[in-house]
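# Per-entry structural report
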Amino acid sequence: MGLKKFRSERSKISLFISSLKEKRSLLNLIAIIIAAFALLPIFYLLLEGINGLKSGSIKLNIDGIRQVKGTLILLISSLSLGGFIGTANGWLLANCRFHGRKILRVAQLIPLATPAYLLSATLIDIGSINGIRIHGMLWGILIMGLTTYPYVFLLSTESFAICGKKQIEACRSLGVGPWNSFLKVALPMTIPAIGAGLALMGMEVINELGAVQLLNIPTISAGIVENWMAQNNPSGAIGLALIALAIVISLIACERILRRKSRRWSEGLAGGESPEWKLTGTREIVAQLLGVIPPLFTLGIPIFWASLNTDQLAKGFDFDLLVLTLRSLAVGLAAAAITLIAALLLSIAKRWDSSRFIKSISFLSSIGYAIPGVVLAIALLSFSGPPWNLSPFVLLLWGYGDRFLAVAKGGIDAAFERIHPNIDEAASGLGSHWIKVLRTIHIPLLKGPLIVGTLLVFVDTLKELPLTFVLRPFDFDTLSVRIFQYAGDERMAESLYPAMIIIILGLIASIALIPSIENAETFNSKRK
């Protein structure tokens, strides 16, 4: 009788699971759980912030005001520099013809390979060797502008590439020269894309921790770490985190508005060929210098620094460095696997269910990339105590997954848009549930984006400093943390191997982004 009852209950459970698969309720439930885990840390932080504001425990002191001011100065100045370089190179390399143009287009991705804290550390070390003090806001603006301008370049060059020739030719027929044609026609068309790139730049500037601490620049990120870890002042850290959140939300709102405007601007502008401006003489030299200096600076400085410290190569890989490298690689792979699985499930849920609710939670779950690493770390530390009592390593993986979910999901969403929905409908009509469709159809077609997404999340995890520095378990250093510690102790030469590993992996990740530039180039060429 007991065995019969057990079989009956087991049969009911199997039928229930089968029903969930068929109705895709299970997929929606998984998407909701993933979104909940992505948003829960920020919800807790906001809750603590509201309670602190009500009780009056959260208030800005003089140092806090100075850090907010420093962040705004660094943000506005870096955006000005990076916006100019990214927009100028976007126009010149998309619509002008001169020697070396194709190579320089690809070279604009090189700055993404060198983290700002690594470039700062190598510059400071080179300066100390030559008796030059590298510190202060101006150096921070230069470094942040040069390491983040590719965000503006990538979006603006694509937008410039699809600007129609007819509009500019109409201006020229009215006697408007090429420079005024750019200012009055091409630039206004591309402002939404440029604004979106500037928003992404701003998120990176606010997130930066290592560079601003090494250069002694007062910023919100540095203030959060100082309040939480050095001064044991959680209220001060949460107050600064709330201000950082407010700035980031403003950037996200601007980015979303500009993207919508970008879609409206683009309607009807793709007719005709993209204009070609042949540059010669001084103009060609200026264009070449503008395209070569930023990547040469961001990659050339670390390589020059490495050449000054070749004596470290003789020491080889000691056991400690081997453990450090293997640990960093293992954490990167674990974070990439978790993030890719979550991103794939969210994208699949949005594909099978086009309701506003699923689309909303899919978007909100990707907001972690915009949250500064130290802010996300402070939010996750709420789960280290009762009733959660999660280990630091679990919190670290949670933070990586939350922060880089958008990196993986963006490529998967774009790839799904190229797969016709009729394929899914045909498979469903033949009796296949979503799991079988995913396994037999989607994953084989998504192999490329999944590999690229894994690579990007893996490299971003290895480069990530703020989140790792705050959340890592005791005596659990990674390559990025070791570089930062050695730079702070003025022992930067000893971090040669970790620095070279991060740069090489960063270059590999940058290579994975080359198709995004080639697509714009191909689109431009096909219209000629």
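All values reported here derive from a predicted model rather than from experimental measurement.

Each value, and the rule that gives it
Residues numbered from 1 in each chain as written. Predicted model: local features only at pLDDT ≥ 70, side-chain atom pairs only at ≥ 80, totals over all residues. Heavy atoms only, no water. Helix = DSSP H or I, 4+ residues; strand = E, 2+ residues; numbered from the N terminus. Buried < 20%, exposed > 50% of the residue type's maximum accessible area, 1.4 Å probe, protein only. Areas by Shrake-Rupley, 256 points an atom, 1.4 Å probe, with all protein chains shown as cover. Contact = heavy atoms within 4.5 Å. Patch = residues over 30% accessible without salt bridge, like charges linked within 9 Å, V, L, I, M, F, W, Y side chains within 5 Å. Salt bridge = Lys/Arg side-chain N within 4 Å of Asp/Glu carboxyl O. Axes fitted to C-alpha atoms, helices over the stretch in contact; angles between N-to-C directions. Parallel < 35°, antiparallel > 145°, perpendicular 65-115°, else oblique. Left-handed = near helix turned anticlockwise from the far one by under 90°. Nonpolar A, V, L, I, M, F, W, Y, C, P; charged D, E, K, R; others polar. Core = buried A, V, L, I, M, F, W, Y, C linked by side-chain atoms within 4.5 Å. Phe/Tyr/Trp six-rings, centres within 6.5 Å; stacked < 30°, edge-to-face > 60°. Lys NZ or Arg CZ within 6 Å of the ring centre and 35° of its normal. pLDDT = per-residue confidence, 0-100.

### Some points on the overall build of the protein chain
Counting its secondary structure elements, the protein chain contains 24 helices and two strands. Across the 528 residues in the protein chain, those meeting the buried criterion constitute 51%. When the accessible area of the protein chain is evaluated, it comes to approximately 24,500 Å², of which 65% is carbon and sulfur surface.

### Focus: helix α22 (residues 479-488)
Of all ten residues in α22, eight are buried; the element is thus mostly enclosed. Among the residues of α22, those classed as buried are L479, S480, V481, R482, I483, F484, Y486 and A487. Buried positions along α22 lie against α5 (116-129), α10 (210-214), α14 (319-352), α20 (447-463), α21 (466-471) and α23 (496-512).

### Details of the environment of A88
Relative to the elements of secondary structure, A88 occurs in helix α3 (residues 62-95). You can call A88 buried: its relative accessible area is 15%. For the pair formed by A88 and F153, sequence separation is 65 residues and the distance between their alpha carbons is 8.2 Å.

### Section: a nonpolar patch on the surface
A cluster of nonpolar side chains, contributed by I285, L289, V292, I293 and L296, occupies part of the molecular surface with about 450 Å² of accessible area. Looking at where V292 falls in the secondary structure, it is placed in helix α13 (residues 281-308).

### A few points about the pattern of salt bridges
Under the defined criterion, the tally for this structure stands at five salt bridges. The residue R472 makes a salt bridge to D477 at a minimum N-O spacing of 3.2 Å. Between D477 and R482 there is a salt bridge, with the nearest N and O atoms lying 3.6 Å from each other. Since its relative accessible area comes to 11%, R482 is described here as buried. What you see here is one network of salt bridges that share partners, running through D320, R472, D477 and R482.

### Topic: the environment of I42
On the secondary structure map, I42 appears in helix α2 (residues 25-55). Classification of I42 by relative accessible area gives buried; the value is 13%. Distance in space between the C-alpha atoms of I42 and L376 is 7.2 Å, their sequence separation being 334 residues. Apart from residues lying up to four places away in sequence, I42 is in contact with L245, I371, L376 and A379.

### Comments concerning the packing of α22 against α23
Two elements in contact, α22 and α23, have axes whose closest approach is 9 Å; the angle formed by their N-to-C orientations is 130°. Our classification of the angle between α22 and α23 gives oblique. As α22 packs across α23, the resulting crossing turns out to be left-handed. Residue-level contacts link L479, S480 and I483 of α22 to P498, A499, I501 and I502 of α23. Within the contact of α22 with α23, the residues separate by chemical class into six nonpolar, one polar and no charged.

### Observations regarding unusual backbone geometry
Despite not being glycine, N216 shows a phi value in the positive range, around 60°. Among the structural elements, N216 can be located in the loop between α10 and α11 (220-230). Phi at N389 takes a positive value of approximately 55°, unusual for a residue other than glycine.

### Points about the packing of helix α6 (residues 137-148) against α13
Between α6 and α13, the least distance of the axes is 10 Å, while the angle of their chain directions is 110°. As summarised for this structure, α6 and α13 are arranged roughly perpendicular, according to the angle between their axes. Contact with α6, carried on its side by L142, L146 and T147, involves P294, F297 and T298 of α13 and no other residues of that element. The residue makeup of the contact of α6 with α13, split by class, is four nonpolar, two polar and no charged.

### Details of the nonpolar core
Of all hydrophobic cores here, the largest spans 143 residues; its most connected members are I224 and V375. Examining the composition of this core, we find that 14 residues originate from one element, α14, more than from any other. In contact with V375, other than residues within four places in its own chain, are L45, I224, A241, A244 and L245.

### Considerations on the side chain of S120
Tracing the sequence through the fold places S120 in helix α5. Contact partners of S120, with chain neighbours within four places excluded, come to I143, A211, L214 and L215.

### Topic: the packing of aromatic side chains
In this structure the tally under the stated criterion is nine aromatic pairs. The interplanar angle of 70° and the centroid separation of 5.9 Å between the aromatic rings of F393 and F476 together place this pair among those described as edge-to-face. Pair noted here: F393 is in helix α17 (residues 392-417) and F476 is in the loop between α21 and α22, with a separation of 83 residues, a long-range link. Judged by its relative accessible area of 32%, F393 is partly exposed. An aromatic cluster of at least three residues, connected via ring pairs, comprises F37, F43, Y44, F383, W388 and W398. The ring of F476 has R327 sitting right over it, with the charged end atom 5.0 Å from the ring centre. For the cation-ring pair, R403 lies above Y369, with the distance from its terminal atom to the ring centre recorded as 5.4 Å.

### Considering the confidence of the model for the protein chain
Per-residue pLDDT for the protein chain has a mean of 80; in total, 81% of the residues score no lower than 70. Within the protein chain, helix α1 (residues 2-23) has the poorest average pLDDT of any element, 51, and α6 the best, 95. Taken as a whole, residues 264-272 scores under 50 in pLDDT and shows 19 contacts with residues more than four places along the chain or in a different chain.

### Concerning the environment of G506
Along the polypeptide, G506 turns up in helix α23. Residue classification places G506 among the buried positions, given a relative accessible area of 2%. Between the C-alpha atom of G506 and that of F458, which follows or precedes it by 48 residues, the distance is 9.9 Å. What G506 contacts, discounting residues up to four positions off in sequence, is A113 and V459.

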